[in-house]
Each structure stands twice: as structure tokens, then as C-alpha cells.
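Examining the three-dimensional arrangement
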Protein chains: 2
Amino acid sequence: MTETTEQQVTAAQSAALRLANVDAAERDAALSAIADAIRDNSDAILAANEEDVAAAEEMLAEGEYTQALVDRLKLDEGKLESIAEMVESVAEQDDPLGETLAARELDEDLELYKVAVPIGVVGTIFESRPDALVQIAALALKSGNAVILKGGSEASESNRVLYETIVEATGDLPVGWATLIEAHEEVDALLEMDDKVDLVMPRGSSEFVSYIQDNTQIPVLGHTEGVCHVYVDEAADLEMAGDVAFDAKVQYPAVCNAVETLLVNDAVADEFLPEMVARYREAGVTLRGDAATRDVVDVDPATDDDWETEYGDLELSIKVVDDVYEAVDHANTFGSKHTESIVTEDADTAETFMTGIDAASVFHNASTRFADGYRYGLGAEVGISTGKIHARGPVGLEGLTTYKYYLEGDGQLVATYAGDDALPFTHREFDGEWRPGHLSDE
Amino acid sequence: MTETTEQQVTAAQSAALRLANVDAAERDAALSAIADAIRDNSDAILAANEEDVAAAEEMLAEGEYTQALVDRLKLDEGKLESIAEMVESVAEQDDPLGETLAARELDEDLELYKVAVPIGVVGTIFESRPDALVQIAALALKSGNAVILKGGSEASESNRVLYETIVEATGDLPVGWATLIEAHEEVDALLEMDDKVDLVMPRGSSEFVSYIQDNTQIPVLGHTEGVCHVYVDEAADLEMAGDVAFDAKVQYPAVCNAVETLLVNDAVADEFLPEMVARYREAGVTLRGDAATRDVVDVDPATDDDWETEYGDLELSIKVVDDVYEAVDHANTFGSKHTESIVTEDADTAETFMTGIDAASVFHNASTRFADGYRYGLGAEVGISTGKIHARGPVGLEGLTTYKYYLEGDGQLVATYAGDDALPFTHREFDGEWRPGHLSDE
């Protein structure tokens, strides 16, 4: 490719302006075409993937890669079919664009509409699974955004063929709506272009997301860490508490919404902890605890480092707290504002915990593992945000939209509404969809 | 003050957690108390303000300050009363917090609520008008946010007394909910604290806002520039076009929503421009034009610099374009994504312009000067955003909120909804307000 990254991103910017006005039917048809092309092109995709896998297996033999990475990288006919179906399911989602979010009459024949529109150019940097490229491209297209795609180098052959398949299948869309970049220098160049790129969505380790945040002026949507807590209150149903605490750690420990620290009210520690610890041990969980925990059960000591560690594995720290306030304070101090859960039968205590916690998701009597776009019913998940600005928690397609104000008038001047003889505004909300020029029709 | 900025911001963070749970009645009562205290303390406030004004007048004599700055700085009994009334009007706004934005049943007795909550700690850096401090503090309090206030050094005496008045009047609120910082080094320290400060709102020149954006990892809400356009289409009512173009420039040229470049369709340039130029000249507007404009009217030549300049004064550049597409392209290339307006009687052309323009506000047959939170009916205006993330265009109190997901269950585990025997989710939207623990009441 002889184009510079700047030329590519400038082309993406032009494409974004045109893509914003491609209607839902055409975007959905393009998504169907992508799904079909992935099926039709499966031989070439799988051949490219074999090259990636062979290279990764060499790295595995040299101890550079893990077996898990090689497994995630590997495609087969079944996985390709799932990818094609995922693209079709994105097409089936409600159109996130064009909705009139508010309509307000400012004065007679002066009508303001707030309408959902795409953000523009979204830069994405993601991990080694080749299905990530297709998923991100599909979500961007559905929401009318031009997208810059940078995948992991382990998947470069697969990504290139998948990208070419997508571009060829969407020849009717504005050229440049999807752009693959491959070199690290191109990422650095991308991160500099805060005048052309509207949002960056990194996926990967928390170190990686932090690195991106520290190296760009572009707004970043992502989550850095998931240090989640389950608090077992003195008024908990202890059988429920045991099940929730077990599910939150053991059901899938590698993910960001798994629990990392169990907080137990002092009043129930003696009754709750021995059985819980036995159950965790049986599942292979390594446990550490503070002094009060170790008075009740025999576990290794926890240090201050433990409280802020995302183990991402079958490891857990335990702390005994005096009351719900200490639990809230601990979670707010050491948590990552991702997901926190209380188990209690006392509604007032639940309210104290839920309103006191500063996190994207706060649960009452449910496992932290529910914090997920699919489980929340958001449809396709764009990502999870631990930031508070724009989108928080699991983010659906809505997170890839912004809004635009359209004002329809018939020649109104601000001078009429200013000064001593100022006309008042009516500021009346009404139900209505923006229809350009409808005032002149009447 | 012996506290470091970090200690102050840490205190603000604690205050924010508590302030988030202060109910609307208490926040509104605190706002009333602020209004009363400003009235009661007017002698001390005006005395401090006299010191600022005297110092500013010395700088004026030395040619360092403008008369306009001195005028903006100056308070009197009448202005103080307006400030007190402004605080009362903020109290009268609808509560931006606690609203259930969405409620969804995930399964029986498993209910997800998306609820509006404060952002947390907001850092604000603003210009010399002392009423800015009071307005920003009032908006932050109304929306439950702790606020760090840094005003212009010209207003330091006024700001200090106003700040003390506010803090004394709100002794029942969590200590540290409002913090005044005064030194430039404190601003630099604040901008470093991206782990403690959730949002920065700078007000001031576009250079100043850009400086802040370039020097912090904290999300910034602000507007850098207002390079706005009015496009006079070939299908325009030319009398309306003349009035709109005149209002957009002359009614108040110093503000960001004033027009800077007039785009005129080639087909109407001969008819429209001579009269328009005469009208502008009569109002003292300095004009520049491209070659095609200068074929019709005698104005100075415009350079490429003119197209991207926010004059903020009685100056205007004029360009003749072939069609609406060239108008859209020019505005998207040189505009600042703030506000653009088309004057036309043709609905299709209006649609092409309005959907093709990438700006926060796009108007049809109305002056660009309508782009303003008050005129839009947003109530109190927090600021205007030219960014696309979180809030766009004029921003009301809603821009100082985010949301939190509350999940109410009765012990649900993700294991139940995963694997071969996975239960399905119901994902049914319903009308309802979050009420903690209501499932256990039933």
C-alpha cells in the first residue's frame, strides 16, 4: 500500500460523511452481502488462517505464545459460519440512526429536533481473534461509522483476507468506509489524528488500553480493568450468597466481570467462610485473606496489592468488614468502577450499597457476571466502558452514535427574541419526526 | 491554605460520593441558601470586587487590559441581585438525577434499571466574570457533582469572597463539594489527576480550550471555535436570506454562533450580493470575498486563512459556490462543526445540506445565532460542545450526568444462563422506577 495513514484516514473521513446518509436498508443489505461473501470465500479465509496458525504454533514451540492464543486464532468451517451468522444478527438489530430523540417548538414555525447520527470515524485496535475484525466492521457499518481496523499481528493473514472479503462485498458503499492498517507506526500515526478520528476503541489487556489512553487526545471508549467485589451482608441469605460468590468467581474467571475480592460482614464470617472456602478450594481457587479472615479460615495473607489486583484467574482475596459502609468504602477505593454486587435481604442496606458505590453496574442478589451487553439485552456489544463520559458499562450500538440538532424555521432572526421588545420562546415539547422543509410545504 | 491540590481533589472525590445521595430537596434548599447569602453578603462581595476593579483599571491604564474586560469584571447591587436570581432559577430546574432512563426484565425477578447519576468530580476553569463562579457552582450542585473552581486572576478577590459565601451557606452539604484553586500550578496539578477528576470544563478563548485539551487525559467538555456558515441557495427567498445573513453576523458578532463565512449560490450571486454588501457595509462589517464574489461586488480578496478564521467581530468572508454540494464541502472542510444554516425554499436541497453537514447544529431558514442552550429550551446552559462524544452543541444539566446500571435479582447465577441447558433471557422493556430490594418485599 503506498497511501500514507493520513491519506487513508482522510479518505475514511470523507467516506463517513457519505455513509451517514446511506439508509438502513442499504446498510443491512451490505451486511447480508458480507455474511454471504464470508461463506463464499471460506477456502481463501481458512487457507490464510492456516498460515497464521502455523506461524503461531512455531511461536508456541518457542514458548512465546500460549496454547490459548493459538486456539483463539484458529478458524474452521463452523466458526466461519458463526461469524457469518453474527453479521446477519447485527443486520437484524434496530437501526440506531435517525431516531428523533427530542422535538421542541421554540416558537411558531421554529422547530428543534435532536436526531441520532453516527459519530464519524472510529479507530479500533483489537486482539488476535480474527472474528473481532468482522464483528467490529459489522457494528461500525450498522451504525453508519467509517472504521479504521488494526488487528493483532498474529492474525495478520486472516485479517487481510477477511478485510478484502468485506471490502469486495460492499462495493456499493462509499470507498474507504473500512480501512485496514497493519503496522505499529500506523497506529501511532492514527493516535495523533485527533482532528480526523472521533473515537478510539481499543480491546485487549488493561495495560494496552491504558497505553492508548495515555497516548492520544482522541476520546477512548474501553475498559481498563475489572476489579469487582461481592459483599455478603449480615442480612444475607447465606446459601444465596455462597452460590452468587461461587458463580461470580468460578463460572468464567478470565473475564472482567468476575469477582476478585469477596467482602464478608463480620457478623456472618464465622458461619459463612468455612463452607465457602471449602467450596472454592474444591473448584481449585487460590485464596488470600486479611487478618480477620485468617482468624476464621486458614488462607494465605492478603497484601494491599491483592485488593487492587485483577487476577483474571482462579484466585480470590477475602476481607472481613464491619458493615456496609466499610464494604462501600473498600470497593470505591480499590475497585475499578466496573461491577459490584451485594447479597442481602435488607432493602435499606441494599440501597445504601447501591447508591454509595461508584461503578457502572451495581447488583443486588445477583452474580457480577451478568454485566455484559448480551445479558443486558443491548443486542450487539460494542465494548464495556469503565469511563463515565458518553457511555458507561456494557455499550450497545447506541454508543457508536451521537446526535445533531436540526432547526426548521421560516426566516426567524435572533434580533426578534432579544432586547427590550423580545418575543418570548414557547419551548413546547411535541411528538414528531424531523422532516426537512415541512414548514414551507404548509 | 496548606492543603495540597491532591488533598483537595481527594476530598472533592469523597464529597462527590456523598453528594450523589443528597436528595433534590436538600440540593435545592442549598441553592436557595446560596442566593440568600449572596444578597446578605453583598457589602463584602462588592468591597472585594472594588479591589479587583481597581487593580484592573491600573492594568487598563498600562494598556494590558481592555475596557471590555474591566466592564465584565465589575459588580454592582443590580448585578448581584441577577446572580442571586440565576441561582434560584437553577434550583427551579427539573432534577437531572434519579430518573430511570430504561427498565428491562432480563428474566423473572431479574430487573435491570438504567438510572441518571452525577458524573462525580468536575474541574472548571473559567474567565474573568465573577458571576461565572457562582453559575458553575450552582449547576454542579444542582446535578450532584463536586466541583473544582479556578477563575481568572483578575477576579481573584471577588471569587474568593463569593466562594466563601457559597461554602458558608452550604455547611450542611458534604465538606469539599466545592473547592477554589487559585494558582496556575494548581491547574497543572489538577489536569494530571485523571484518576480523580471525571470531566474538565474550560471556558475561554479557543486557544485556551485547545491548550487544556492538549494537556490532560481527563475528558474535556468545551468548544474550541465557532466558524459558522450561512448558505444562500439558488432557491432561497432572497429577502429572508438577507435578513438571516444580517442577523447571524451583526446581531452579536463576538459570540461563537455568529456567521464567519457567507456562501452564495452562483445562480443568485448577481441579484443577492450587491444589496447584501451595502447592508453589511452600513452596519460597519468589513468584507472579503473570493474571485467570483469580487466579479460581482468590490471587496478585498479573501485568502485560505479567511475560510478558517473565527473573526468574532464585524468581519465576514464571502464565497460563491456552484451548488449545495460545494457549500456542504466547504463548510465541512473549513467549519468547526458548530452551527451551519441554509436558506432555501427547496426541501430536497435543505435535506441534502442538513444531512450532509457534520456539525452539532444545522438550521434551515433560521439564523445561526439560535444555537444556544437558553434558546433551545435546555434551561441552564453548562456550555457548548464542538466534540461529538457525550454531549454535542448547547449542553444543559443533562451533560453533567452519566448513568449507572442497577440490577435487582433474587440470587440469579450466570451458570443458569450458559452452556447446553442455558435458560433464555426474556429481555422485556417495562415502565418502572428502580426501588431497591422491591423483589424481596413481594
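Within each chain, residues carry numbers counting from 1 in the order of the written sequence. For naming, the first written chain is A and the first written ligand is 1, with later ones following in the order written. Only residues with pLDDT of at least 70 get local features here, since the model is predicted, and only at 80 or more are side-chain atom pairs given and counted; chain-wide, interface and lining totals rely on the full set of residues. The basis for every side-chain value is the complete set of heavy atoms in the structure, and neither hydrogens nor water enter the calculation.

In the nomenclature of an unreviewed UniProt entry, chain A is known as Gamma-glutamyl phosphate reductase of Haloarcula rubra.

For chain A, the count of helices and strands is 16 helices and 17 strands. On the principal axes, the C-alpha backbone points of chain A span a range of 80 × 70 × 35 Å. When each of the 442 residues of chain A is scored for burial, the buried share is 57%. Pairs at least 24 apart in sequence give 72% of the contacts found in chain A among residues at least 6 apart. What counts as a helix is a DSSP run of H or I of at least four residues, what counts as a strand is a run of E of at least two, and both are numbered from the N terminus. Working definition: with a 1.4 Å probe on protein chains only, accessible area under 20% of the residue-type maximum means buried, over 50% means exposed, and in between means partly exposed. Pairs of residues are marked as contacts when any of their non-hydrogen atoms sit within 4.5 Å.

This next bit is on the packing of aromatic side chains. Geometrically, a pair of aromatic rings is defined through the distance of the ring centres and the angle of the planes. Ring pairs shown here join Phe, Tyr and Trp side chains whose ring centres sit within 6.5 Å, with only the six-membered ring taken for Trp; geometry is labelled stacked below 30 degrees between planes, edge-to-face above 60, and tilted in between. The tally for this structure, following the rule as stated, stands at 22 aromatic pairs over all chains. Measuring from centroid to centroid gives 5.6 Å for Y417(A) and F370(B), while their planes differ by 70 degrees, and the two rings are edge-to-face. Taken together, the positions of Y417(A) in the loop between β16 (401-412) and β17 (428-429) and F370(B) in the loop between β13 (361-366) and β14 (383-385) put the pair across two chains. F370(B) matches Y417(A) in its accessibility class, with the two residues each being buried. Here, a charge over a ring is recorded when the distance from Lys NZ or Arg CZ to the ring centre is within 6 Å and its angle to the ring normal is within 35 degrees. Here the basic side chain of R279(A) rests over the ring of F246(A), its NZ or CZ set 4.6 Å away from the ring centre.

A few words now on the relation of the copies chain A and chain B. Least-squares superposition of the copies uses the C-alpha atoms of those residues scoring a pLDDT of at least 70 in each of them. Aligned on chain B, chain A shows an RMSD of 0.1 Å; the corresponding rotation is 180 degrees and the shift along the axis is 0.0 Å. Such a combination of rotation and displacement between the chain copies is what one expects of a two-fold axis. Nearest to the rotation axis, the C-alpha of H390(A) is located 1.8 Å from it, this being the minimum over chain A. Taken as a fraction of all interface residues of chain A, those also at the interface in chain B reach 100%, which identifies the copy contact as same-surface.

A few words on the side chain of T368(B). All names here are of chain B. In this structure, T368 sits in the loop between β13 and β14. In this structure the side chain of T368 is engaged in a polar contact, spanning 2.7 Å, whose partner is the backbone oxygen of N257. Contacts of T368, omitting those with residues within four sequence positions, involve C228, H229, V230, A248, N257, A258, V259, T339, S341 and F363. Think of a polar contact as two N or O atoms within 3.5 Å of one another; within protein, one of them needs to be a possible hydrogen donor and the other a possible acceptor, and neighboring residues in sequence only count if both atoms come from side chains.

The next subject is the sheet that holds strand β3 (residues 121-125) of chain B. Residues and elements named next belong to chain B. Two strands form a pair only when DSSP identifies at least two bridges running between them. Taking strand neighbours across the sheet as the criterion, the 4 strands line up as β5-β4-β3-β6 in an open arrangement whose pairing is parallel. Unpaired on one side and paired on the other, β5 (178-180) and β6 (199-202) mark the two borders of the sheet. Each adjacent strand pair in this sheet contributes to an overall mean axis angle of 20 degrees, direction not counted. Strand direction decides the pairing type here: β3 and strand β4 (residues 146-150), joined by 5 bridges, are parallel. Looking at the pairing, V122 lines up with V147 of β4. Under this scheme, a helix contributes an axis fitted over its contacting stretch, all axes are lines through C-alpha atoms, and angles between N-to-C directions fall in the 0 to 180 degree range. Strands β3, β4 and β5 of the sheet are contacted by helix α6 (residues 130-142), whose axis makes an angle of about 165 degrees with β4.

Residue ranges assigned to each domain were obtained from an automatic or database domain assignment. One can read the domain layout of chain A as domain 1 (5-214) and domain 2 (228-377). Centre-to-centre, using C-alpha coordinates, domain 1 of chain A lies 36 Å away from domain 2 of chain A.

Residues given the UniProt feature "domain: Aldehyde dehydrogenase" (unreviewed entry) here are residues 3-285 of chain A. As annotated, residues 3-285 of chain A comprises 53% helix and 16% strand, and the C-alpha atoms at either end are separated by 51 Å. UniProt positions are given in the numbering used here, feature names are shortened, and annotations may be inferred rather than shown by experiment.

Okay, the packing of helix α5 (residues 77-92) of chain B against α6(B) next. All names here are of chain B. At their nearest, the axes of α5 and α6 sit 10 Å apart, and the two run at 15 degrees to each other. On the basis of their axis angle, the class for α5 and α6 is roughly parallel. Handedness of the crossing formed by α5 with α6: right-handed. Counted together, I83, M86, V87, V90 and A91 of α5 and D131, V134, Q135, A138, L139 and K142 of α6 form the full contact between these two elements. Partitioned by chemical class, the residues of the contact of α5 with α6 number 8 nonpolar, 1 polar and 2 charged. An angle below 35 degrees is read as roughly parallel, one above 145 as roughly antiparallel, one from 65 to 115 as roughly perpendicular, and any other as oblique. Crossing handedness: left-handed means the near helix sits turned counterclockwise from the far one by under a right angle, and right-handed means the same turn made clockwise. Residue classes follow a fixed rule: Ala, Val, Leu, Ile, Met, Phe, Trp, Tyr, Cys and Pro count as nonpolar, while Asp, Glu, Lys and Arg count as charged, and any other residue, Gly among them, counts as polar.

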